[in-house]
Amino acid sequence: MKKTILIVLISIVILFTIAYGLLKISSSRDFQFYGGLVTKAETTDKIVALTFDDGPTENTDEILSILKEEDVKATFFVTGREIEENFKEAKKLAEAGHELGNHSYSHKRMVLKSPSFIKSEVEKTDELIRKAGYEGTIQFRPPFGKKLIGLPRYLDKHDRKTVLWNLEPDSYPEIASDSEKIVKHVNEKIEPGSIILLHVMYESREESMKSVKGIIKDLKAQGYTFQTVSEMLE
Ligand SMILES: [Zn+2]
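Summarised in this report is the structure supplied together with it. Each chain carries its own residue numbering, running from 1 in the direction its sequence is written. Selection of residues for local features in this predicted model requires a pLDDT of at least 70, selection of side-chain atom pairs for listing and counting requires 80 or more, and totals for whole chains, interfaces and linings are taken over all residues. To obtain the side-chain values, all non-hydrogen atoms of the structure were included, while hydrogens and water were left out.

So, about the coordination of the zinc ion. Six octahedral donors around a metal ideally sit at 90 or 180 degrees from one another, while four tetrahedral donors ideally sit at 109.5 degrees. For Na, K and Ca the donor cut-off is 3.2 Å, while for other metals it is 2.8 Å, and in both cases only N, O and S atoms qualify; water is not among them, so sites may look incomplete. In the first shell of the zinc ion, the protein supplies Asp 54 (OD), His 103 (NE2) and His 107 (NE2), at 2.1 Å from the metal. For the zinc ion, the single-chain donor residues occur in sequence as D-x48-H-x3-H. Here the residue Asp 54 occupies a position in the loop between strand E2 (47-53) and helix H2 (60-70), and His 103 occupies one in the loop between strand E4 (99-102) and helix H5 (115-131), the gap between them amounting to 49 residues. In this scheme, a residue with accessible area under 20% of its type's maximum is buried, one over 50% is exposed, and one in between is partly exposed, where area comes from a 1.4 Å probe on protein chains only. Look at Asp 54 and you get buried, because its relative accessible area is 9%. Exposure remark for His 103: the relative accessible area of 1% places this residue in the buried category. Under the scheme used here, helices are H or I runs from DSSP no shorter than 4 residues and strands are E runs no shorter than 2 residues, and both carry numbers assigned from the N terminus.

Quick look at the structure:
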């Protein structure tokens, strides 16, 4: 009897360890089970990609005007649902010559989801991005950066990579609350080929929006030029 209890306990510990391991892998920036995972470009050239997640929303005009003033092309990872809701804004992004990336349709964690769910999330959004007028390569970035087996396998099968980032200044609450700290963080941590993630589409991210100009100016002063993700990965 004692032996049975011991076996059950050991099994529980093993299962928890596996579950914990899979949870870690699902957010890993270094490893996934299938296909290519990109967090930055391998280069010594001083190039960098600015990427904005979520949206489009009514904040689109504001970010577009900042980028226009600075003559910078960025990559916007947009969701299908928000393209439908703000179709005009999506068109403006494409018309201004920015890259549009696929950030799923409904922004759900793409972990433990069926192959048909994954396929529909990705393909519906691809279609909407095309409808908005974007003609270039469509990169994919998973919501919350989460992926495990189904999503990487789908992307690999379709010869697409999982695009993440190596700098995420507004993911740390103590930095996100102050645009100057966001600028400083990027200025200090930047390296050639970096992919910077920022969120500027919602009102709660005012400080991120305020940081964009400073980030661009500082990086230009360091000799960096800006490319879209697809340009940088070529
Ligand atoms: Zn997102």
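Let's pick the thread back up.
Candidates for patches are residues over 30% relative accessible area with no salt bridge; among them, like charges are joined within 9 Å and nonpolar side chains (Val, Leu, Ile, Met, Phe, Trp, Tyr) within 5 Å. Using a 1.4 Å probe, accessible areas were evaluated by the Shrake-Rupley method; residue-level cover was limited to the displayed protein chains. By salt bridge we mean one thing: a side-chain nitrogen of Lys or Arg within 4 Å of a carboxyl oxygen of Asp or Glu. Charge counting follows a simple rule: Lys and Arg are positive, Asp and Glu are negative, and His as well as the terminal groups are ignored. Throughout, a charge is located at the NZ atom of Lys, the CZ atom of Arg, the CG atom of Asp or the CD atom of Glu. Together, Lys 108, Arg 109, Lys 113 and Lys 124 make up a positively charged patch on the protein surface. Assignment of secondary structure puts Arg 109 in the loop between E4 and H5. For Arg 109, a relative accessible area of 45% gives the class partly exposed.

With that out of the way, let us pick up helix H9 (residues 206-221). Between its terminal C-alpha atoms H9 stretches 24 Å, which fits the 22 Å expected from 16 residues at 1.5 Å a residue. Two axes enter the definition of the bend at a residue: one is fitted to the seven residues ending there, the other to the seven starting there, and the bend is the angle between them. Of all the bends in H9, the greatest measures close to 30° and is centred on Val 212. Turning to H9, its buried residues number three or more, namely Glu 207, Ser 208, Met 209, Ser 211, Val 212, Ile 215, Ile 216 and Leu 219. In the core, the buried residues of H9 are packed alongside E2, H2, helix H7 (173-176), helix H8 (179-189), strand E6 (194-198) and strand E7 (225-226). Following H9 by one or two positions, Gly 223 has its phi on the positive side, about 95°. Between the first and last residue of a helix there are one fewer steps than residues, each counted as 1.5 Å, and that sum is the expected span. We call two residues in contact when some of their heavy atoms are within 4.5 Å.

Contact pair H5 / helix H6 (residues 150-157): the axes reach a minimum separation of 10 Å and the direction vectors enclose 55°. As the angle between them shows, H5 and H6 are arranged oblique. In terms of crossing hand, the pair formed by H5 and H6 is right-handed. Packed against H5, whose contacting residues are Ile 118, Lys 119, Val 122 and Glu 123, the element H6 presents Gly 150, Leu 151 and Tyr 154 at the interface. Along the lines of polarity and charge, the residues of the contact of H5 with H6 split into four nonpolar, one polar and two charged. Axis geometry follows a simple rule: fit a line to the C-alpha atoms, using only the stretch in contact for helices, then measure angles between N-to-C directions, giving values from 0 to 180 degrees. Each angle is binned into one of four classes, with values under 35 degrees roughly parallel, values over 145 roughly antiparallel, values of 65 to 115 roughly perpendicular, and all other values oblique. The crossing is said to be left-handed when, going from far helix to near helix, the turn is anticlockwise and less than a right angle, and right-handed when the turn is clockwise. Note that Gly is not counted as nonpolar here; it falls among the polar residues with everything else outside the nonpolar set of Ala, Val, Leu, Ile, Met, Phe, Trp, Tyr, Cys and Pro and the charged set of Asp, Glu, Lys and Arg.

Among the surface-exposed residues, Glu 58, Glu 62, Glu 203 and Glu 206 lie close enough to one another that they form a single negatively charged patch. Turning to its location among the elements, Glu 203 is positioned in the loop between E6 and H9.

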